[in-house]
Amino acid sequence: MNTTAMQTSSLGKSVGAANLRVPGAYWSPYLAGFVLGLVLLAAFVLMGHGIGASGAVASIVTAGEHAVAPAHAEANGYFGAYLADSDGSPLHSWIVVEVAGILIGGLLSGLLAGTFRFTIERGPGTGVGPRLAGAFGGGILMGFASRLARGCTSGQALTGGALLSVGSWAFMIAIFVSGYLIAPLMRRRWT
């Protein structure tokens, strides 16, 4: 075999000559968790808030609603709260900037590690259509649930957990228990 035409990555997969960048190993989950804790601490110190993501989505939806129907958005109690808390635009919220940074950082990380590619991850027993429908449906369900729970999974676990909120701890225990119960059912679709 021509060694210049084919290389082996750290994960044991072959990488073609057109893509000479070999993906690197992932961070240790312990190191990543420690760094995430430092980011959470910095968010509390610098911004006076913890971290999360669902508030950014609500801010973006509020800005869209306000652009289309300003009177309705201002009269609506849910959207009105986001408009009242912003300095002219909900998009000026610190959490919108945080989520934009997450998206940009994830893209840069994938590009630098050589792992970025457009693909739809799915198991051999799942077609593209059902996979996208499941992802879209699950995203809608999680988005709705995050507003009912007054925060997304990351906000509940990181910010609420750090503040020792009983509701956040109960939420995360329920997430892990349900994940362990559902995992065997979903495993068949991915293997």
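Just so it is clear, the structure is predicted and the values come from calculations on it, not from any experiment. (Residues numbered from 1 in each chain as written. Predicted model: local features only at pLDDT ≥ 70, side-chain atom pairs only at ≥ 80, totals over all residues. Heavy atoms only, no water.)

Caption draft 1: Geometry of the overall build of the chain. Within the chain one finds eight helices and two strands. Counting the 191 residues in the chain, one finds 21% classified as buried. Long-range contacts, defined as pairs at least 24 residues apart, comprise 49% of the intrachain contacts of the chain with a sequence gap of at least 6. In the form shown here, the chain has an accessible surface area of approximately 13300 Å², with 71% of it arising from carbon and sulfur atoms. (Helix = DSSP H or I, 4+ residues; strand = E, 2+ residues; numbered from the N terminus. Buried < 20%, exposed > 50% of the residue type's maximum accessible area, 1.4 Å probe, protein only. Contact = heavy atoms within 4.5 Å. Areas by Shrake-Rupley, 256 points an atom, 1.4 Å probe, with all protein chains shown as cover.)

Caption draft 2: How the structure looks around the confidence of the model for the chain. Model confidence for the chain is summarised by a mean pLDDT of 80, while 85% of its residues fall at 70 or above. By mean pLDDT, strand E1 (residues 6-8) is the weakest element of the chain at 39, and helix H1 (residues 29-47) is the strongest at 89. Within the model, the stretch residues 1-20 combines pLDDT values under 50 with 25 contacts to residues more than four positions away or in other chains. (pLDDT = per-residue confidence, 0-100.)

Caption draft 3: Spotlight on the pattern of salt bridges. Under the definition given, this model contains one salt bridge. The salt bridge partner of Arg117 is Glu121, with a shortest N-O separation of 3.8 Å. (Salt bridge = Lys/Arg side-chain N within 4 Å of Asp/Glu carboxyl O.)

Caption draft 4: Geometry of the packing of helix H2 (residues 54-68) against helix H5 (residues 94-113). Between H2 and H5, the shortest axis-to-axis distance is 8 Å and the interhelical angle comes to 110°. Relative to H5, the element H2 lies roughly perpendicular. By crossing handedness, the relation of H2 to H5 is classed as left-handed. For the pair H2 and H5, contact is made by Gly55, Ala56 and Ser59 and by Ile95, Val96 and Val99, respectively. A per-class count over the contact of H2 with H5 returns four nonpolar, two polar and no charged. (Axes fitted to C-alpha atoms, helices over the stretch in contact; angles between N-to-C directions. Parallel < 35°, antiparallel > 145°, perpendicular 65-115°, else oblique. Left-handed = near helix turned anticlockwise from the far one by under 90°. Nonpolar A, V, L, I, M, F, W, Y, C, P; charged D, E, K, R; others polar.)

Caption draft 5: Highlighting the environment of Gly50. With respect to the helices and strands, the residue Gly50 is situated in the loop between H1 and H2. Each C-alpha atom, one on Gly50 and one on Leu163, is 9.2 Å from the other, the two residues being 113 residues apart in sequence. Beyond its immediate stretch of four places on either side in the chain, Gly50 contacts Leu40, Ala43, Phe44, Trp94 and Thr159.

Caption draft 6: Here's a closer look at a nonpolar patch on the surface. The grouping of Trp27, Leu31, Phe34, Leu38, Leu41, Val45, Leu46 and Met47 at the surface amounts to a nonpolar patch, some 920 Å² of accessible area in total. Exposure remark for Leu46: the relative accessible area of 68% places this residue in the exposed category. (Patch = residues over 30% accessible without salt bridge, like charges linked within 9 Å, V, L, I, M, F, W, Y side chains within 5 Å.)

Caption draft 7: Region of the structure containing the layout of surface pockets. Volume-wise, the largest pocket comes out at about 780 Å³. Lining the largest pocket are 32 residues, and of these Gly55, Tyr82, Trp94, Ile95 and Arg147 sit closest to its centre. Where the lining of the largest pocket is concerned, the elements lending two or more residues are H2, helix H4 (77-85), H5 and helix H7 (153-162). It is H7 that contributes the most residues to the lining of the largest pocket, four residues altogether. Here the lining of the largest pocket is composed, by residue class, of 11 nonpolar, 17 polar and four charged. (1 Å grid on protein atoms, 1.4 Å probe; cavity = no way out; pocket = protein on both sides within 12 Å on 5 of 7 lines; lining within 4 Å. Points joined across faces, edges and corners; volume = space filled by probe spheres on them.)

Caption draft 8: Just the side chain of Ser54, in detail. One can find Ser54 in helix H2. Reaching out from Ser54, the side chain makes a polar contact with the backbone nitrogen of Cys152 at a distance of 3.3 Å. Excluding residues within four positions of it along the chain, Ser54 makes contact with Ser146, Arg147, Gly151 and Cys152. (Polar contact = N/O pair within 3.5 Å; in protein donor to acceptor, adjacent residues only side chain to side chain.)

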